[in-house]
Amino acid sequence: METDTQSTENSAKQQSDYVIRVFDNPLEIAQQDWDALCAQQDTPSPFMQHAYLAALHTSGSATPDTGWHPQFITLWLDGNLVAGCALYLKDHSYGEYVFDWAWAKAYADHGLNYYPKALAAVPFTPVPGSRLLASDALARLALLKACVALCQSQHLSSLHLLFTSPADRTACGSQGLLQRQTVQFHWHNLGFANFDAFLTSLNQEKRKKIKQERRRVADAGVTFRSLQGADIQTQDWDFFYQCYERTYLEHGNAPYLSREFFASMQRDMPDNWLLFIAEREQRPIASSLIALQGLGTPEAVAYGRYWGALERVDCLHFEACYYQPLNWCINHGVGRFEGGAQGEHKMARALMPVTTYSAHWLAHPAFSDAVARFLERETAGVDGYMEHLAERSPYRSA
């Protein structure tokens, strides 16, 4: 039997045996090694798969030219990949969805540089999931320490792990990283037989509102068709991108993701995508793109990602981004639909508030203390906000 002392000594020896390798290009890491590690995590998602991260790089969407400098940290033991983190060095805070602009301003006001900083996250993707990919808790802890050590060696201001998993939070908590909470809105399939059964579960006000919104779209002569996996043809991806790009340009911004990125998704990850196309008078006028994880399993999840329209129709956004996906999830046994960042209005569509988490390490002791005090106040505010939202449930009282 191994004693506690022996266990500690063996753990220390194993940790000292890790070989740390840092890559500035995800393509330098073997896909099968990375994806095998992803499959072992407590909160897997398609966005941490090798093909997704590689496409962000090869398409020019998340590269040094756009302010995302890959520094993928990996741990190896006896020649095997046992831990990995998609880490980026950044000189801005765009495309993150956990906002730290005020922290950057505070640094600047005191004559200090906040950038570059280190970010463990999926670019442009506010979806909770595993960030510290590891074969076990020991390797995860060693990986986190390697991330902090890299920040220290390069004199970076800070390290931020966004939308973390429970296992990530345990590791970060053990190392004293600051924990931050935000709120998203997710829908859970309560075993609904069909969309009407889902509507029946809602209170009268919300049920009536959804029916009215759907009727406006139908009365405008809009119909939908859905395409999944290999059924999404190149012309469908082209139309989707036209809608996606239009939405960004209407808000005065260039889109984060290039057309080449979605070409990679069609080629390398087709089964992870679901596309809804809205048509009127046999003309496509809008689309919404949904990501899928674990389809056909009890853990299946759908993620609302992108949408755009070429014509304005009242309530079309709600139909394309919520009602069509929810109906599809019910019909295909998907247990959860995540609606993306922010959006209290989603509660009216039965997407309920959930807490999401991030973890932060700041090199400057005084600023770390100041941020810790800020987060105490912010967390209390988030807790109160969640209590307030819980009182506004769209579901019928039992």
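Rules used in this analysis
- Residues numbered from 1 in each chain as written.
- Predicted model: local features only at pLDDT ≥ 70, side-chain atom pairs only at ≥ 80, totals over all residues.
- Heavy atoms only, no water.
- Salt bridge = Lys/Arg side-chain N within 4 Å of Asp/Glu carboxyl O.
- Helix = DSSP H or I, 4+ residues; strand = E, 2+ residues; numbered from the N terminus.
- Core = buried A, V, L, I, M, F, W, Y, C linked by side-chain atoms within 4.5 Å.
- Buried < 20%, exposed > 50% of the residue type's maximum accessible area, 1.4 Å probe, protein only.
- Contact = heavy atoms within 4.5 Å.
- Phe/Tyr/Trp six-rings, centres within 6.5 Å; stacked < 30°, edge-to-face > 60°.
- Lys NZ or Arg CZ within 6 Å of the ring centre and 35° of its normal.
- Pairing = 2+ DSSP bridges.
- Axes fitted to C-alpha atoms, helices over the stretch in contact; angles between N-to-C directions.
- Polar contact = N/O pair within 3.5 Å; in protein donor to acceptor, adjacent residues only side chain to side chain.
- Expected span 1.5 Å × (residues − 1).
- Arc of directions from axis to C-beta.

**Section: the pattern of salt bridges**
Okay, so step 1: Summed over the entire model, instances satisfying the criterion amount to 20 salt bridges.
Okay, so step 2: Between Glu213 and Lys209 there is a salt bridge whose closest N-O contact spans 3.7 Å. Here Lys209 and Glu213 lie together in helix α8 (residues 204-219), a separation of 4 residues that amounts to about one turn.
Okay, so step 3: Note that Arg225 and Asp236 form a salt bridge whose closest N and O atoms lie 3.7 Å from each other. Taken together, the positions of Arg225 in strand β10 (residues 222-228) and Asp236 in helix α9 (residues 234-250) put the pair 11 residues apart, joining distant regions of the chain.
Okay, so step 4: If you follow the salt bridges from partner to partner, you end up with Lys90, Glu96, Asp100 and Lys117 in one network.

**Structural notes on the nonpolar core**
Soluble globular proteins tend to bury their nonpolar side chains together.
Okay, so step 1: Trp34, Tyr52, Leu56, Phe240, Phe262 and Trp273 are the most contacted members of the largest nonpolar core, which totals 49 residues.
Okay, so step 2: Listed by contribution, the elements that provide at least two residues to this core are α2 (31-38), α3 (50-58), β3 (72-77), α9, α10 (259-268), β11 (273-280), β12 (283-293) and β13 (301-309).
Okay, so step 3: By size, the runner-up hydrophobic cluster in this structure holds 42 residues, among which are Val183, Trp187, Phe192 and Ile290.

**Structural notes on the environment of Leu150**
Okay, so step 1: For Leu150, the position within the fold is in helix α5 (residues 137-153).
Okay, so step 2: Residues within four places of Leu150 in sequence aside, it is in contact with Val22, Gln71, Ile73, Leu87, Leu89 and Leu156.

**A short note on the packing of aromatic side chains**
Okay, so step 1: Tallying each qualifying case throughout the model produces 33 aromatic pairs.
Okay, so step 2: Taken together, a centroid distance of 5.2 Å and an interplanar angle of 80° make the contact between Tyr114 and Tyr115 edge-to-face.
Okay, so step 3: The class for Tyr115 is partly exposed, based on a relative accessible area of 24%.
Okay, so step 4: Consider the rings of Phe262 and Tyr306, whose centres lie 5.8 Å apart with planes at 85°: the pair is edge-to-face. Highlighted residues: Phe262 in helix α10 and Tyr306 in strand β13, separated in sequence by 44 residues. Comparing Phe262 with Tyr306, the two get one shared label, buried.
Okay, so step 5: It is Lys90 that lies over the ring of Trp68; its NZ or CZ is 3.8 Å from the centre.
Okay, so step 6: We note Arg305 situated over the ring of Tyr306; from NZ or CZ to the ring centre the distance is 4.9 Å.

**Brief notes about the environment of Trp68**
Okay, so step 1: Take Trp68: it is sitting in strand β2 (residues 68-70).
Okay, so step 2: With relative accessibility at 1%, the residue Trp68 sits in the buried group.
Okay, so step 3: Linking Trp68 and Asp238, residues 170 residues apart in sequence, is a C-alpha distance of 26 Å.
Okay, so step 4: Those residues in contact with Trp68, other than ones at most four positions away along the chain, are Ala62, Thr63, Tyr88, Leu89, Lys90, His92, Tyr94, Gly95, Glu96, Leu119, Pro123 and Phe124.

**Overview of the sheet that holds strand β4 (residues 80-85)**
Within a sheet, neighbouring strands are paired by backbone hydrogen bonds and run either parallel or antiparallel to one another.
Okay, so step 1: Reading across the sheet, the 4 strands line up as β1-β3-β4-β7 and stay open at both edges, with antiparallel pairing between neighbours. Pairing within the sheet leaves two strands with one partner each, and these edge strands are β1 (19-23) and β7 (133-134).
Okay, so step 2: As defined by bridge partners, β3 adjoins β4 across 5 bridges and the pair is classed as antiparallel. Looking across to β4, one finds that Leu77 is bridged to Asn80.
Okay, so step 3: Here α5 sits on the sheet and contacts β1, β3, β4 and β7; the angle it forms with β3, its principal contact strand, is near 135°.

**Focus on the sheet that holds strand β15 (residues 352-362)**
Okay, so step 1: Taken together, 11 strands build an open sheet; the order of strands is β2-β5-β6-β8-β15-β9-β14-β13-β12-β11-β10 and the sheet is mixed. Unpaired on one side and paired on the other, β2 and β10 mark the two borders of the sheet. With direction set aside, neighbouring strand axes in the sheet form an average angle of 30°.
Okay, so step 2: As paired elements, β11 and β12 share 8 bridges and run antiparallel to each other.

**Observations concerning the side chain of Ser157**
Okay, so step 1: Turning to its location among the elements, Ser157 is positioned in the loop between α5 and β8 (158-162).
Okay, so step 2: There is a polar contact of 2.9 Å between the side chain of Ser157 and the side chain of Ser158.

**Comments concerning α8**
Okay, so step 1: The first and last C-alpha atoms of α8 sit 22 Å apart over 16 residues, in line with the 22 Å expected at 1.5 Å per residue.
Okay, so step 2: The set of residues buried in α8 consists of Lys206, Ile210, Glu213 and Val217. Along the axis of α8, the buried positions cluster into a sector of 65°, meaning they face one direction only. Opposite its buried face, α8 presents the exposed residues Gln204, Glu205, Lys208 and Asp219, each directed more than 90 degrees away.
Okay, so step 3: Check the buried side of α8 and you find it contacts α7 (195-200), β10 and α11 (316-331).
Okay, so step 4: Residue Gly221 follows α8 closely and has a positive phi angle near 80°.

**Observations regarding α2**
Okay, so step 1: Of all the residues in α2, the buried ones are Trp34, Leu37 and Cys38. For α2, the angular spread of buried residues about the axis comes to 105°, placing them on one side.
Okay, so step 2: Turning to α2, the residues buried within the fold contact α3, β3, β4 and β7.

The values are spatial; any link to function lies outside them.
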